[in-house]
Amino acid sequence: DLAEILSPDDIIRIYAEGGKTFATVNKKKYIIRQRIYELEEQLNKYSFVRISNSEIINLKKVRNFDLSLSGTICVTLSDSTTTYVSRRYISRIKQVLGL
């Protein structure tokens, strides 16, 4: 396998699925060797925020946050991916957004 170095600025989201960790960059999916919690510690906390147990998003790649009346937060990313902030992480997101 050919290893590629990904620039954090290009990463849209990092997520775990089926026991593997993936990063999305320009509509391409890359397998990452590290675990989500390891990446969370290494990435810039002003650019990246964890939104669930299995996902970290790049705040610079967020197109839209949609806060619903039910209290959920839907996130639309620059590649049109839609994802949700889990209940456990809502207060952290609101803090990051200054809400």
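Residues numbered from 1 in each chain as written. Predicted model: local features only at pLDDT ≥ 70, side-chain atom pairs only at ≥ 80, totals over all residues. Heavy atoms only, no water.

**Student:** Help me understand the side chain of R13 in this model?
**Tutor:** With respect to the helices, strands and loops of the structure, R13 is situated in strand 1 (residues 11–17). A polar atom in the side chain of R13 sits 2.7 Å from the side chain of E55. In contact with R13, not counting residues within four places along its chain, are F22, A23, T24, E55, I56, I57, L77 and T81. (Helix = DSSP H or I, 4+ residues; strand = E, 2+ residues; numbered from the N terminus. Polar contact = N/O pair within 3.5 Å; in protein donor to acceptor, adjacent residues only side chain to side chain. Contact = heavy atoms within 4.5 Å.)

**Student:** What exactly am I supposed to notice about the nonpolar core here?
**Tutor:** A general trend in soluble globular proteins is that nonpolar side chains are found buried together. Counting residues in each nonpolar core, the largest one holds 13 residues, and the members touching the most others are I57, V75 and V85. For this core, the secondary-structure elements that each account for two or more residues are strand 4 (48–52), strand 7 (73–77) and helix 2 (90–97). Among the elements that make up this core, the one with the highest residue count is strand 7 (3 residues). Setting aside residues up to four positions removed in sequence, I57 forms contacts with I12, R13, S47, F48, V49, I51, V62, V75, L77 and T83. (Core = buried A, V, L, I, M, F, W, Y, C linked by side-chain atoms within 4.5 Å. Buried < 20%, exposed > 50% of the residue type's maximum accessible area, 1.4 Å probe, protein only.)

**Student:** Could you clarify how one ought to interpret a nonpolar patch on the surface in this entry?
**Tutor:** Residues L67, V96, L97 and L99 make up a contiguous nonpolar surface patch of about 340 Å² in total accessible area. Mapped onto the elements of the fold, V96 is located in helix 2. (Patch = residues over 30% accessible without salt bridge, like charges linked within 9 Å, V, L, I, M, F, W, Y side chains within 5 Å. Areas by Shrake-Rupley, 256 points an atom, 1.4 Å probe, with all protein chains shown as cover. Salt bridge = Lys/Arg side-chain N within 4 Å of Asp/Glu carboxyl O.)

**Student:** Looking at this structure, how should I read the packing of aromatic side chains?
**Tutor:** Aromatic ring pairs: the centre-centre distance and the angle between the two ring planes describe each pair. Enumeration according to the criterion identifies 1 aromatic pair in this entry. For the cation-ring pair, R13 lies above Y15, with the distance from its terminal atom to the ring centre recorded as 4.0 Å. Sitting over the face of the ring of F22, K29 holds its NZ or CZ atom 4.6 Å from the ring centroid. (Phe/Tyr/Trp six-rings, centres within 6.5 Å; stacked < 30°, edge-to-face > 60°. Lys NZ or Arg CZ within 6 Å of the ring centre and 35° of its normal.)

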